[in-house]
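# Chains, contacts and geometry: an overview
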Amino acid sequence: MKHFKVFAALFLMMCATVFLSGCGGDSSTVVVKDNPTDQKDPQEVKDAKYKIYLITMDSVDDFWKSIDNGCKQAVKEIGGIDYKWIAPDQNLDAPQMECIDKAVADGANAILLASSSPRGVIPSLEKAQAKGVKIVYVDNPSEFDALAFLATDNEKAGVLAGETLKKRLEEDGVTSGTIGMCANKDNVTSTNLRNKGFRSVFEGSNFTLTEIFYMNDNDQSLKDWAASHTDYAAFFGPNERTARNIGEQMRDINAKKIIMGFDTSDSVLTLIHDGFIFATMQQKPEVMGHDGIKIAVEALEGTFTETNKRIDTGVTVIYRDSI
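Reading guide: rules and limits
Residues numbered from 1 in each chain as written. Predicted model: local features only at pLDDT ≥ 70, side-chain atom pairs only at ≥ 80, totals over all residues. Heavy atoms only, no water. Helix = DSSP H or I, 4+ residues; strand = E, 2+ residues; numbered from the N terminus. Buried < 20%, exposed > 50% of the residue type's maximum accessible area, 1.4 Å probe, protein only. Contact = heavy atoms within 4.5 Å. Areas by Shrake-Rupley, 256 points an atom, 1.4 Å probe, with all protein chains shown as cover. Pairing = 2+ DSSP bridges. Axes fitted to C-alpha atoms, helices over the stretch in contact; angles between N-to-C directions. Core = buried A, V, L, I, M, F, W, Y, C linked by side-chain atoms within 4.5 Å. Salt bridge = Lys/Arg side-chain N within 4 Å of Asp/Glu carboxyl O. Polar contact = N/O pair within 3.5 Å; in protein donor to acceptor, adjacent residues only side chain to side chain. Phe/Tyr/Trp six-rings, centres within 6.5 Å; stacked < 30°, edge-to-face > 60°. Lys NZ or Arg CZ within 6 Å of the ring centre and 35° of its normal.

## Looking at the overall build of the protein chain
Counting its regular elements, the protein chain contains 11 helices and 15 strands. Sorting the 323 residues of the protein chain into buried and exposed places 53% on the buried side. Considering only contacts in the protein chain between residues 6 or more positions apart, those separated by 24 or more positions represent 71%. In the structure as shown, the protein chain presents an accessible area of about 14,100 Å², 49% of it carried by carbon and sulfur atoms.

If you want it as structure tokens, here you go:
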């Protein structure tokens, strides 16, 4: 399937995005994205059998939009669901807790959650559970019991990313040097595991992997860091945002470095197509959203009774000739 649909995707995103104030009060924003139920008349929404929320870390990364697309597909297939996607404008525990509280107050029967941190939102999850709300984790879990956790096996994916980059370096005759390591924040389990798996591939080699540079939602800080280290042999961006920022910076200064990315937004794919990112790891966020909705409905109907079921949704490597 061809992924290179940059201009059409950007146009649709501009048309579909609706901004509403809510979670986080004056300091943050809830973003509701192109919700299919927004197109229904009030009677149809009122008569929906279940109300299900998707709550992500933020609304910035295209990855979350892909999870939302999967949710919407399941909602369309199943029917009778009042579905909403909300998110804080920054990946912080407090505004995400407000989003969870808002969903519960609105009568949510189930919540699909990409948790902002392992323990930071547990108080709100406890309140949700006390109200009978079913919890399903997508991409990043909390340390609080839920029905299931649908995600990439992130440590395994990190190993595959490391092996892919190491092979490319060997093909180029590069047997030593420094590899730049980064992430957005230090409390995100998924990227921590990817970096852990990636790092394990280079143990005992002549390559030096840097300490993790955390951008903390500051895109420019990561770009400045990358620009100041063009002597590095390669970089690893363990999610869409980090990969995109490093690739864009190298493009802007015309520095051809070997960059291993993660996720497949149109921006990342464009950078691969133009030769500024070598390859990226393609997750299956649509599967996370689609199957997460199905599990939530099955639990509400009493046919899914498991707790903390881990479901690996898979990952593949995308190169320029894959686009």
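Picking up where we left off.
## Quick notes on unusual backbone geometry
If you check the backbone angles, Asp-139 has positive phi at about 70° while not being a glycine. Along the chain, Asp-139 turns up in the loop between strand S6 (134-138) and strand S7 (148-151). A positive phi is found at Asn-216, a non-glycine position, where the angle reads about 50°. Counting through the fold element by element, Asn-216 comes out in the loop between strand S10 (213-214) and helix H8 (219-227).

## Description of the sheet that holds strand S14 (residues 309-312)
Spatial ordering of the open sheet is given by S4-S3-S5-S6-S7-S14, a layout of six strands whose pairing is parallel. Strands with a single pairing partner mark the edges of an open sheet, and in this sheet they are strand S4 (81-86) and S14. Strand-to-strand twist of the sheet, defined as the mean angle between neighbouring strand axes without regard to direction, takes the value 20°. The pairing of strand S5 (residues 110-113) with S6 spans four bridges and is parallel. In the strand pairing of S6, Leu-113 is matched with Tyr-137.

## Describing the nonpolar core
Ranked by internal contacts, the top residues of the largest apolar core, which has 30 residues, are Ile-52, Leu-54, Ile-67, Tyr-83, Leu-112 and Ile-293. Elements represented by at least two residues in this core include exactly strand S3 (50-55), helix H3 (62-78), S4, S5, S6, S7 and helix H11 (285-300). In this view, Leu-112 contacts Ile-52, Tyr-53, Leu-54, Ile-55, Cys-71, Val-136, Val-138, Gly-289, Gly-292, Ile-293 and Ala-296; residues no more than four positions away in its chain are not counted. Ile-100, Val-104, Ile-111 and Ala-151 belong to the second-largest nonpolar core, a separate cluster that totals 21 residues.

## Examining the pattern of salt bridges
Tallying each qualifying case throughout the model produces 16 salt bridges. Between Glu-155 and Lys-196 there is a salt bridge, and its shortest N-O distance comes to 4.0 Å. Of this pair, Glu-155 sits in helix H6 (residues 154-171) while Lys-196 sits in helix H7 (residues 189-201), placing them 41 residues apart in sequence. A relative accessible area of 31% places Glu-155 in the partly exposed class. One salt bridge connects Asp-219 with Arg-241, and the closest N-O pair in it is separated by 2.8 Å. Of this pair, Asp-219 sits in helix H8 while Arg-241 sits in helix H9 (residues 240-252), and the two are 22 residues apart along the sequence.

## Considering the side chain of His-290
Assignment of secondary structure puts His-290 in helix H11. Judged by relative accessible area, His-290 falls into the buried class, the value being 16%. In this structure the side chain of His-290 is engaged in a polar contact, spanning 2.7 Å, whose partner is the side chain of Glu-77. Excluding residues that lie within four positions of it along the chain, His-290 makes contacts with Gly-70, Cys-71, Gln-73, Ala-74 and Glu-77.

## Quick look at the packing of aromatic side chains
Here the distance between the centres and the angle between the planes together describe a pair of aromatic rings. Here the structure, examined in full by the defined rule, presents nine aromatic pairs. Ring geometry for Phe-202 against Phe-207: centres 5.7 Å apart, planes inclined by 80°, an arrangement best described as edge-to-face. The exposure classification of Phe-202 matches that of Phe-207, with both residues buried. Grouping aromatic residues by their ring pairs yields a cluster made of Phe-198, Phe-202, Phe-207 and Phe-236. Directly above the ring of Phe-262 sits Arg-194, whose terminal nitrogen or CZ lies 4.1 Å from the centroid. Over the ring of Phe-276 we find Lys-256; its NZ or CZ atom is 5.1 Å from the centre of that ring.

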